[in-house]
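What follows is the residue order along each chain.
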Amino acid sequence: MEYATEDDSSEYQGTNTVCCRGRVIMGTDWGVYIGGIVYVLILLTLFAVAEIPFLLHKFSPIVVAIPVGIFLYGSAHFWRCSFMDPGIIPRPTREEASYFQKSLVYQDGIVEESRKVLINGIEVEIKWCKSCKMWRPPRGSHCSRCNNCIDV
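Residues numbered from 1 in each chain as written. Predicted model: local features only at pLDDT ≥ 70, side-chain atom pairs only at ≥ 80, totals over all residues. Heavy atoms only, no water.

Engineer: Give me the sheet that holds strand 5 (residues 114–119): which residues, what numbers.
Structural biologist: Taking strand neighbours across the sheet as the criterion, the three strands line up as 5-6-7 in an open arrangement whose pairing is antiparallel. Each edge of the open sheet carries a strand with a single partner, namely strand 5 and strand 7 (134–135). Looking at chain direction, strand 5 and strand 6 (residues 122–129) are connected through six bridges and run antiparallel. Bridged to Val 117 within strand 6 is Val 124. (Pairing = 2+ DSSP bridges. Helix = DSSP H or I, 4+ residues; strand = E, 2+ residues; numbered from the N terminus.)

Engineer: Residue-level account of helix 2 (residues 30–58), with values.
Structural biologist: With 29 residues, helix 2 extends 41 Å from end C-alpha to end C-alpha; this agrees with the ideal 42 Å at 1.5 Å per step. At Glu 51, helix 2 shows its strongest bend, of approximately 45°, with the proline Pro 53 following within four residues. Within the sequence span of helix 2, burial applies to Tyr 33, Ile 52 and Leu 55. (Expected span 1.5 Å × (residues − 1). Bend = angle between axes of the 7 residues up to and from the residue. Buried < 20%, exposed > 50% of the residue type's maximum accessible area, 1.4 Å probe, protein only.)

Engineer: Account for the pattern of salt bridges, with residues named and values stated.
Structural biologist: Side-chain pairs of opposite charge can arise where the charged atoms are in close proximity. The final tally for this structure, using the stated rule, is one salt bridge. With a shortest N-O distance of 3.6 Å, Lys 130 and Glu 113 are connected by a salt bridge. With Lys 130 in the loop between strand 6 and strand 7 and Glu 113 in the loop between strand 4 (110–111) and strand 5, this residue pair connects regions lying 17 residues apart in the sequence. Residue Glu 113 is classed as partly exposed on the basis of its relative accessible area, which comes to 46%. (Salt bridge = Lys/Arg side-chain N within 4 Å of Asp/Glu carboxyl O.)

Here it is as structure tokens:
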């Protein structure tokens, strides 16, 4: 897998934020992200203040360890999902985009929006993405939120 360099991120055309040489990709919904973290931390604090002393007094410490372990496990996956690549299909370079546009077939002034191609002996339909100026793979879709084609 090729990662974007810091120079490439200046030419990055989507609305996502690319950090750490392309290893971290973040969306634009920072408020939802921060709100989620604050909400979980408030619930954890309430649990720690209200329930842990009672549970330690009445039951074994393992009763406290189980919810704390589940919280840590869930938090690790929350962070992982928040910063991972959602499957963004790289946009073509200018030369590739002009080549793709030359390959379009115009019928009565209307651009061909899909075509059938053979992939491993199976005929599949691919669609033209007007925003990204490329042919999307069979399971690709354009995300209006991040303005990129993504592999589903």
